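Each chain, letter by letter, is given below.
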Amino acid sequence: MNDTPAPYPLEDAEKSRVVILISGTGSNMVTIAELIRDELPEAEVSAVICNEPEAAGIQKARSLGIHTDIIDHRGFTSREEFDVGLMRTIDAYDPDLIVLAGFMRILTPDFVRRYEGRMLNIHPSLLPKYQGLHTHKRALEAGDSEHGVTVHFVTEVLDDGPNVIQAVVPVLDGDDPQSLQKRVQLQEHVIYPIAVKWFIEGRLSMQKGQSCLDNKPLPPTGLKLDT
Ligand code: NHR
Ligand code: GAR
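The model shown is predicted, which means the values in this text are computed figures rather than measured ones. (Residues numbered from 1 in each chain as written. Chains lettered and ligands numbered in written order. Predicted model: local features only at pLDDT ≥ 70, side-chain atom pairs only at ≥ 80, totals over all residues. Heavy atoms only, no water.)

Student: Looking at this structure, how should I read the site of ligand 2?
Tutor: In the vicinity of ligand 2, the contacting residues are Thr-25, Gly-26, Ser-27, Asn-28, Gly-102, Met-104, Ile-122, Pro-124, Gln-185 and Glu-188. Interatomic distance of 2.7 Å between a backbone N/O atom of Gly-26 and an oxygen atom of ligand 2. Note that an oxygen atom of ligand 2 is positioned 2.6 Å from one of the side-chain N or O atoms of Ser-27. Notes on ligand 2: free accessible area 450 Å², of which the protein chains cover 85%. Only helix H1 (27-39) and helix H6 (177-200) provide two or more residues apiece to the shell around ligand 2. For the shell around ligand 2, the class distribution of residues is 3 nonpolar, 6 polar and 1 charged. (Near = heavy atom within 4 Å. Polar contact = N/O pair within 3.5 Å; in protein donor to acceptor, adjacent residues only side chain to side chain. Areas by Shrake-Rupley, 256 points an atom, 1.4 Å probe, with all protein chains shown as cover. Helix = DSSP H or I, 4+ residues; strand = E, 2+ residues; numbered from the N terminus. Nonpolar A, V, L, I, M, F, W, Y, C, P; charged D, E, K, R; others polar.)

Given below as structure tokens:
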């Protein structure tokens, strides 16, 4: 990884390699793949890996000319076996960064430890609020006036790794989980590319369990964008 632009086009072997894990629509994957294609010549998306054979994101990755691997978790006898299969596939690409983009399987401690410090996730809430699933419904039921989305480093405990960046959105009268999700997703497509760019440029790191930008600790919320 370079923090100064190369004076000549990089050979493929010198590029930072990114592997993106998805389970569904793949809209975050597309924004990150386009960012890397258009703005980060020093990086490449080596593969998109998906655990859902029917996911719409697989075709989107192929249309972008990205290699895809499908690893259906139902073909494994346990979570551990699935994660071993996933690790083997990932390691074949020797990635510098692993991006969880709507990846819906909880990962085992052995898996997370292997990639700690180089695995990011986007979670649709203002972490530490609403870890786990159904975040939009939970924010509405709690009567929150604000909701949002967080990019964080992945650690062993679900949705608990240090925050990198957050975007806040208002909750509006008449919102349902779907309308709120749409507002949040627009911000996902803003903040995830920022975090990935920082990482590829060598500016973002996890040090002693904290997210650091240019070697300075970020606040516990991560960088906070208010919209
Ligand atoms: N794994 C670890 N160890 N740590 C994290 O922070 C992780 C993780 C795996 C995935 C993404 C995540 C989120 O952002 C993520 C973060 C799936 C579930 C879940 O309950 C929870 C959180 C996240 C992803 N999955 C069910 C399971 O049994 C399956 C649900 C389904 O298939 O729809 O794995 O919130
Ligand atoms: C995103 O909204 C992401 O925040 C959420 O899944 C969606 C995937 O959309 N992640 C989770 O809920 C993790 N538990 P996408 O496939 O279009 O990027």
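Student: I'm lost on the pattern of salt bridges in this one. Help?
Tutor: Two side chains with opposite charge may pair up if their charged atoms get near one another. Taken as a whole, this structure holds 12 salt bridges when the rule is applied. For Arg-17, the salt bridge is made with Asp-94, and the minimal N-O distance between the two is 3.2 Å. Pair noted here: Arg-17 is in strand S1 (residues 16-22) and Asp-94 is in the loop between helix H3 (79-91) and strand S4 (97-100), with a separation of 77 residues, a long-range link. Its salt-bridge partner being Asp-175, residue Arg-183 comes within 2.7 Å of it at the nearest N-O pair. Counted as one network, the salt bridges with shared partners bring together Glu-52, Asp-72 and Arg-74. (Salt bridge = Lys/Arg side-chain N within 4 Å of Asp/Glu carboxyl O.)

Student: Explanation requested: the pairing of strand S5 (residues 119-123) in the structure shown.
Tutor: Looking down a regular strand, the side chains alternate between one sheet face and the other. Within S5, 5 of the 5 residues are buried, leaving the element largely enclosed by the surrounding structure. Neither face of S5 is left uncovered, since the one carrying Met-119, Asn-121 and His-123 and the one carrying Leu-120 and Ile-122 both have all their residues buried. Across 3 bridges, the pairing between S4 and S5 is parallel. By the bridge assignment, Leu-100 is partnered in S5 with Asn-121. The parallel pair S4 and S5, bridged by helix H4 (residues 109-114), forms a crossover whose chirality is right-handed. Sheet topology places S5 next to strand S6 (residues 146-153); 4 bridges connect them, and they run antiparallel. What sits directly across from His-123, in S6, is Thr-150. (Buried < 20%, exposed > 50% of the residue type's maximum accessible area, 1.4 Å probe, protein only. Pairing = 2+ DSSP bridges. Right-handed = clockwise from strand over helix to strand, strands pointing away.)

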